[in-house]
Amino acid sequence: MSLFRVTCLVVLALSMVACAVLKQDAGRDSAAVKNDPATVAQNLSSEALEELPPEVRLETVRALAVSELYEGMEFFRACGTINQGFEGCNFTFSDKVLRSFISTVDAADDGFYLRLKAKGEQLNDLCVEFAADSSGNGVRAFDRQGDERQDCLLEPESLAFGDIHRITDDLNGNPAPSGKAPVLTEVARHEIKSGNSQI
């Protein structure tokens, strides 16, 4: 047997082994997407995300968006505790989320407001808008009709610990000595109510 033939056979054998390993990895990725899509979406490249079947891709991107919305909410809660009036508190969503959603991030003296609104292909998903604010209501999801859908908010495993609970959360505030109501600023006007969402 010539050296050329041996080399060709070795290359062919290595190619077949590599193909089998890649198929096995792809199968593992599909199973992982079903188990924790947000974590998988963070680890997949944008190109690999595009290669997923459409329904799986929509759900995976949605899970990643919800995951980052939870992260943003917890970031502002922590940052607002340290920096009064949320001064210097900035949060940006990842490029993977911004490819499928239009984001709104507002912070002012009285609170914060985060919103993701689907665009492009993501408009075909079950829920197309997600929002969170400093009112303590957590993250909320809305479908194309503007109805609230809690089934779109399955928390990824990485966020299973839930909201941070501070000892001051259970204390009732005292009224101002003057008796005046608090000033309502622009961020507070973004109150998230079911049905008021503009889609």
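Let me begin by describing the structure that accompanies this report. (Residues numbered from 1 in each chain as written. Predicted model: local features only at pLDDT ≥ 70, side-chain atom pairs only at ≥ 80, totals over all residues. Heavy atoms only, no water.)

## What about the nonpolar core?
The condition is simple: Each nonpolar core is a collection of buried residues, namely Ala, Val, Leu, Ile, Met, Phe, Trp, Tyr and Cys, held together in the definition by side-chain atoms within 4.5 Å. Note on exposure labels: buried denotes an accessible area under 20% of the residue type's maximum, exposed denotes more than 50%, and partly exposed covers the range between, all computed with a 1.4 Å probe on protein chains only. To qualify as a helix, a DSSP run of H or I must reach at least 4 residues; to qualify as a strand, a run of E must reach at least 2; elements of each kind are numbered from the N terminus. Here, two residues are considered to be in contact whenever any of their heavy atoms come within 4.5 Å of each other.
Counting 31 residues, the largest nonpolar core has L69, F101 and F130 as its most contacted members. For this core, the elements supplying multiple residues, two or more each, are α4 (54–82), β2 (111–118), β3 (127–133) and β4 (139–143). Among all residues touching F130, those that are not within four sequence positions of it are R62, V66, L69, F101, L114, R115, L116, R140, A141, C152 and L153.

## A word on the pairing of β2
Stated precisely, the cut-off is as follows: By the convention used here, strands pair only if DSSP detects at least 2 bridges between them.
Extensive coverage of β2 is indicated by the burial of seven of its eight residues. The pairing of strand β1 (residues 101–108) with β2 spans eight bridges and is antiparallel. In the sheet register, A107 faces β2, and the bridge partner there is F112. A loop of two residues connects β1 with β2, the two strands running antiparallel in sequence. Inspection of the sheet shows β2 paired to β3 by five bridges, in the antiparallel sense. Across the sheet, L116 pairs through a bridge with F130, a residue of β3.

## Description of the sheet that holds β2
Stated formally: Structural elements are reduced to axes, namely lines fitted to C-alpha atoms, with helices fitted over the stretch in contact, and the angle between N-to-C directions of any two is expressed from 0 to 180 degrees.
An order of β1-β2-β3-β4 is seen for the four strands of this open sheet, with the pairing classed as antiparallel. The open sheet is flanked by β1 and β4, the only strands paired with a single partner. Pairs of neighbouring strands in the sheet enclose a mean axial angle of 15 degrees, with direction left out of account. Here β3 pairs with β4 via five bridges, running antiparallel. Bridge assignment links A131 to a residue of β4, and that residue is R140. Helix-sheet contacts for α4 involve β1, β2, β3 and β4, and the interaxial angle to β2 is about 170 degrees.

## Topic: the packing of aromatic side chains
Our working definition: Geometry of aromatic contacts follows a simple scheme: Phe, Tyr and Trp rings, the Trp one being its six-membered ring, pair when their centres are within 6.5 Å, and the pair is stacked under 30 degrees between planes, edge-to-face over 60, tilted otherwise.
By the definition in use, this model includes seven aromatic pairs. Judged by centre distance (5.4 Å) and plane angle (70 degrees), the ring pair of F75 and F76 falls under edge-to-face. With relative accessibility at 31%, the residue F75 sits in the partly exposed group. When the centroid spacing of 5.2 Å and the interplanar angle of 15 degrees are considered together, the rings of F76 and F112 count as stacked. Taken together, the residues span a long stretch of sequence, with F76 in helix α4 and F112 in strand β2 at a distance of 36 residues. In terms of burial, F76 and F112 fall into one category: buried. Every member of this aromatic cluster is reached through a ring pair, and the members are F75, F76, F86, F91, F93 and F112.

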